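Remarks on the overall topology
These are the residues of each chain, in order.
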Amino acid sequence: LNTQQAGGSAASPFRQFILKVHARCNLACDHCYVYEHADQSWRDRPIVMSDETMRQTAARIGEHCRVHSLGDIQVVLHGGEPLLAGLHRIRRLARLLRASVPEQCGVQLRMQTNGVLLDDNFCALLVEEGVKVGISLDGDQQANDLHRRYADGRSSYREVEAAVRTISQPRFRGAFSGLLCTIDVASDPIRSYTALCELDPPRIDFLLPHANWEIVPRRSGPEATPHADWLIAVYDRWRTEPGRVPIRVFDSIAGLLAGADSLTESLGLDAADLVVVETDGAIEQVDSLKAAYDGAAGTGFDVHRHSFDDARAHPGFAARSLGMEGLCGTCQTCPVVRICGGGLYAHRYRAGSGFQNPSVYCRDLLKLITHVRDRPAVALRARPVPGETHSLSGAAFDDLAAGWGGAGAVQALVDAQRSLRLSSLVHFVRVGRSADPSGEALAAAWEVLADLHERAPGAVEPVLAHPYIGAWVTGSDAVGGAGRARDLWGLALACSLRAGVPVNATVPLVGGRLLLPTWGALDLAPETGRTGWRTGEIATDPAAPAIVVDGRVVPLGEDPAKDDAEFSWLPVRHLEADGFRVALDDLDPHRDCYHHPAAGRQSPRQFEHWQAAFTDAWELINREFPRYGEGIASGLGTITPLEASGAVDASATHRRVFGAVGIGGPRADPGFGDALALLLLHEFQHVKVGAVLDLVPLLAPGDDARYEVGWRPDPRPLEAVLQGAYAHLAVVEYWHSAAHRSPGGPAGEARSTFLSLRDQTAAAVDVLATSSSLTDLGRRWIGRMQTTVQSWYELAESEEWGCDRP
Ligand code: SF4
Ligand code: SF4
C-alpha cells in the first residue's frame with residue numbers, strides 16, 4: 001500500500017535520528033509500544049548498541065549531513081531505557097556523533113528516559129555532553145501508577161519524582177527539556193496537570209495512548225471523545241494561568257492555526273524527517289508503528305550495509321512525506337486537516353486498508369482542535385496575567401511593520417510586555433520559593449509586593465515596568481537564592497515608597513548593592529564574613545522619603561561621594577528634553593546583560609555630556625523622524641551607558657529587557673548628539689520588533705538555516721535577519737536625512753552610506769520575503785517592510801540619486 005501511494009519517490013532528508021542505545025528496560029509499563037504491542041522484534045536484537053554499531057551509525061549520520069548540507073540535526077538517545085547503556089557508552093556516543101558531522105552542522109543531542117536511574121552522575125554527564133533530557137511521567141502518583149510500574153508491580157513514581165528534582169537543580173537545569181505524559185482517561189486531568197506543573201518542567205507534552213482501528217482506545221461508545229474531554233479540561237485551566245508551562249500539543253495547535261509549523265509529528269502536514277536506528281544497526285521507521293503490526297517499522301536496511309539515502313527510498317518513509325496527498329479521502333476533505341494532518345501516522349492503521357484511514361482518535365482531534373480554535377489563547381508566546389489578553393490591531397500591526405509605530409501601537413507592546421513581565425515574575429517566585437534555601441525570604445518579599453500591588457496598583461505598576469526586572473526574572477542568577485530574595489525585596493521596598501505604605505523587612509544584603517528600582521541603589525561595604533553577605537533590617541519611610549538600614553536613616557535623593565560610611569545612597573538620575581524623560585541607569589546590578597560591558601557610575605561631568613547629547617538627539621528625532629519619535633516616547637524608559645572601548649558607536653538591546661537600550665559613551669564632542677539620535681533610532685527598532693515577536697508569531701519555528709546579510713561577515717539565523725533589516729529601516733532613513741543635512745549635500749559621505757545601507761536592507765528583506773519560514777502574519781509584516789524599502793528607491797529616483805535595485 002505504502003509503495004503504491006508513494007509512487008516510488010524518495011522522502012526528504014532525515015533530520016531527526018532516534019538511536020536505540022539499549023534494547024531493554026528496567027520498567028514494565030503495560031502501555032509500552034516497544035514491548036507490549038504487536039511488534040516483538042526487540043527479542044532478537046542485541047541488548048546494547050555495540051561500539052562498532054555506534055561508530056558506523058555516527059559515520060552514516062555524518063555522511064547524510066554532508067550529502068544534504070544539513071545545518072542542524074537532532075539525535076535522540078532512546079531505548080528501552082537509554083540510561084541502562086551506562087555513563088561511558090553514552091559519553092562515547094555523544095562525542096562520536098559530534099565528531100562525525102561536518103563543522104557547519106549543529107547536533108542537538110536529546111534523550112528520552114524513564115528517569116529511574118537519573119542521578120547526579122548522569123545529570124553531570126548530560127550537562128557536560130550537552131544532552132537535553134525528557135523524562136516520562138504520567139501525572140500524579142495515582143495516574144503514573146496506572147501503567148508505569150516495575151515488573152514486580154512496584155510503583156516507579158518516587159524514583160522518577162526524585163530524578164526530576166535532581167535535574168531541576170540549578171547546576172543541571174539546562175539539561176532538562178521537559179516531561180512527557182501519556183494520558184489515561186481514567187486519571188483526573190487537573191490533578192495530573194497540576195502534579196506535573198508542581199515539578200516545574202520547562203515543557204510538558206501530552207501523548208495519546210497508542211491505539212489504532214484494530215486495538216481501539218478506551219471509550220464508552222463510537223461517538224464518545226474522552227481523550228478530547230481530558231485534554232480540553234487541561235487546556236481550559238492552562239490557557240488562563242500566569243507563567244504557564246509550555247505544552248507542546250496546545251502550542252502546536254495554536255501555532256498551526258496561526259500558520260506556523262507543528263512542533264510534533266502527531267499534528268500538521270509537515271513531511272516526516274525522522275529515522276530510527278536499532279541496537280543492531282537496523283534502520284527503521286518511527287517507533288510508534290510497532291503498535292500496528294509485527295515488523296511494521298522495519299525497512300530491511302541497516303547502517304552497516306546501507307546509507308540513510310538508501311533507506312530514504314523505502315516507500316514507508318516516502319509515504320509519510322506526502323503531506324495532504326498521503327491522506328485518505330476523509331481527511332483530505334476535513335475542515336481541520338491543515339491542523340490535524342490525520343493525526344499520528346500509527347493511529348491510522350486498520351488491517352486491509354493499512355494507513356489510509358483517519359486517525360482512530362479522529363473525533364477527539366476534531367473536538368480538541370475546534371475547542372482551541374474557538375477559545376484562542378492570547379498570543380502564542382506571551383504569557384498573560386489572569387483575565388488579560390493582548391492583541392495588536394491590524395492598523396497598529398501594519399504601522400509597526402512599515403518601520404514606525406505610533407504611540408498607540410507601541411503602548412500595545414508596552415502593555416503586553418507588562419503582562420509578560422508579571423507572569424515571569426510569578427514564575428520566578430514560584431520556582432525560587434520551592435528551590436531556594438532562602439525561599440522563605442523570597443516568599444516574604446512576594447507577599448509584601450502582592451499586597452502593595454493590590455492596594456495601590458497605580459503606584460506599583462511604574463516600578464514593575466523597570467526594564468532590568470526582565471533580565472533577573474528570566475536569567476540565571478550568579479549569586480543564587482539570596483540574590484533572588486534581595487532583588488525581590490528591593491522591588492517591594494521601592495513599591496512601598498511609591499505606594500506610601502511603610503514596610504519593615506529582613507533583607508539578604510548580598511553582592512554589595514541593593515537596588516530600589518526607580519529610586520536608586522544602596523551601596524554596601526564589602527562583606528568579609530564566611531558567607532560573603534549578611535541580612536539587614538530595612539524599614540521604608542515614604543513620607544520623608546527615606547529608608548532606615550539597621551537603625552541608620554538614609555534619606556533618598558542625596559548623592560554623597562563615597563566615604564568611610566558603611567554604605568552610601570546613589571539615586572537614579574534622569575535625562576530630560578522637551579518633556580521627555582528617561583532614566584540614565586548606571587546602577588542596576590543586572591544591567592550588564594549586553595554584548596558590550598556596562599559602564600560604571602557616571603561622573604557629574606559625564607552626566608552633563610549625556611544630558612547635552614540627549615537634548616540634541618531628541619530635538620533631531622522630533623524634527624526629522626517624528627514617525628519614530630512618537631513610538632520612542634511611548635516605550636523607551638532607560639538608557640544604560642556602555643563601555644565604548646574603541647567602538648565609538650557601541651549600542652545594544654536585550655530581548656528580555658523591554659524599554660531599555662545600552663549606548664556606548666558619553667563623548668564630549670558636539671557630534672555625540674547626532675550619533676545618539678542614530679543609536680536610539682536603531683536600537684528602539686530592536687525593542688519594538690522583539691516585543692512584536694513575543695506577541696505575534698511572524699516566523700515559524702524550526703528554520704535552522706543561516707543567511708548572508710550585507711552588514712555582517714557571518715551568516716545569520718532568520719530571526720536575526722529580521723531584527724537587522726527592521727533596525728535598518730530607521731537607520732537608512734537617518735542617513736537619507738543626514739545626506740540632506742551634510743555640508744556636502746547629497747554628494748557627501750552620508751549619501752553613499754544611505755545608498756549602500758539601503759541596498760543591503762533591500763537584499764535582507766528579499767531574503768525574508770522568499771523564506772518558507774514565514775507565518776501568514778510574517779508574510780504580511782515583510783510585505784509592509786518591502787513597501788517601505790521600495791519607497792526609498794522611488795525617493796532616490798525623484799532626487800536623481802542611484803535608484804537601480806541591485
Ligand atoms: S519506561 Fe518506556 S521503554 Fe520502558 S517499559 Fe515504560 S514505556 Fe516502555
Ligand atoms: S480530524 Fe479526523 S478527518 Fe480530520 S484530518 Fe484529523 S483524522 Fe482526518
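Data block above holds the structure.
Positions within a chain are numbered from 1, following the residues in the order the chain's sequence is written. Going through the entries in the order they are written, you letter the chains from A and number the ligands from 1. Selection of residues for local features in this predicted model requires a pLDDT of at least 70, selection of side-chain atom pairs for listing and counting requires 80 or more, and totals for whole chains, interfaces and linings are taken over all residues. Note that the side-chain values use all heavy atoms of the structure and ignore hydrogens as well as water.

1. Here we look at the site of ligand 2
Nearness is judged by heavy atoms alone; a residue qualifies as near a molecule or strand once a single heavy atom is within 4 Å of it. Every residue close to ligand 2 is listed here: Cys331, Cys334, Val336, Val337, Cys340, Gly342, Pro358, Ser359 and Cys362. Its residues assigned to classes, the shell around ligand 2 shows seven nonpolar, two polar and no charged. For this classification, Asp, Glu, Lys and Arg are treated as charged, while Ala, Val, Leu, Ile, Met, Phe, Trp, Tyr, Cys and Pro are nonpolar and the rest, including Gly, are polar.

2. What to know about the site of ligand 1
Looking at ligand 1, the residues that line it are Cys25, Leu27, Cys29, Cys32, Gly80, Asn114 and Arg148. The class makeup of the residues in the shell around ligand 1 is four nonpolar, two polar and one charged.

3. A short note on the packing of helix α25 (residues 749–769) against helix α26 (residues 776–798)
Axis definition: a line fitted to C-alpha atoms, over the contacting stretch in the case of helices. Angles run 0 to 180 degrees between N-to-C directions. What counts as a helix is a DSSP run of H or I of at least four residues, what counts as a strand is a run of E of at least two, and both are numbered from the N terminus. In contact at an axis separation of 10 Å, α25 and α26 are set at 150 degrees when each is read in the N-to-C sense. The angle between the axes of α25 and α26 places the two elements in the roughly antiparallel class. Note on packing geometry: the crossing formed by α25 with α26 is left-handed. The segment α25 lies against α26, with Phe754, Arg758, Asp759, Thr761, Ala762, Val765, Asp766, Leu768 and Ala769 engaging Ile782, Met785, Gln786, Val789, Trp792, Tyr793 and Ala796. Looking at the contact of α25 with α26, its residues break down into 11 nonpolar, two polar and three charged. Each angle gets one of four labels, with under 35 degrees taken as roughly parallel, over 145 as roughly antiparallel, 65 to 115 as roughly perpendicular, and the rest as oblique. In this scheme, a crossing is called left-handed if the near helix is turned counterclockwise away from the far one by less than a right angle; it is called right-handed if the turn is clockwise. Contact definition: two residues touch when any of their heavy atoms are within 4.5 Å.

4. A word on the nonpolar core
Among buried residues, the Ala, Val, Leu, Ile, Met, Phe, Trp, Tyr and Cys ones that are joined through side-chain atoms within 4.5 Å form a nonpolar core. Accessibility here uses a 1.4 Å probe with only protein chains present; expressed as a share of the type maximum, an area under 20% marks a residue as buried, one over 50% as exposed, and anything in between as partly exposed. Grouped together as the largest cluster of nonpolar side chains are 91 residues, with contacts concentrated most on Leu19, Ile61, Ile73, Val75 and Phe206. For this core, the element with the highest residue contribution is helix α8 (residues 226–238), accounting for seven residues. The contacts of isoleucine 73, once residues within four sequence positions are left out, are Arg15, Phe17, Ile61, Cys65, Val101, Cys105, Gly106, Val107 and Gln108. Core analysis: the next-biggest nonpolar cluster, separate from the first, contains 79 residues, Phe672, Val689, Leu699 and Ala739 among them.

5. Some words on the sheet that holds strand β18 (residues 580–584)
Should DSSP find at least two bridges between two strands, the strands are regarded as paired. Pairing is mixed in the open sheet, where five strands are placed in the order β17-β18-β19-β21-β20. Only two strands of the sheet have a single neighbouring strand rather than two, namely β17 (573–577) and β20 (651–652). Of the pairings in the sheet, the one linking β18 to strand β19 (residues 638–642) comprises two bridges and is parallel in character. Bridged to leucine 584 within β19 is isoleucine 639. Seen against the sheet, helix α21 (residues 604–624) touches β17, β18, β19 and β21 (660–664) and runs at an angle of roughly 30 degrees to β17.

6. Let's talk about the pairing of strand β6 (residues 204–207)
Relative to β6, strand β5 (residues 176–182) is paired through four bridges, and the arrangement is parallel. Along β6, the bridge assignment pairs threonine 182 with leucine 207. Orient the strands so they point away from the viewer; a crossover is then right-handed if the path from the first strand over the helix to the second runs clockwise. Note on the crossover from β5 through helix α7 (residues 189–198) to β6: the handedness is right-handed.

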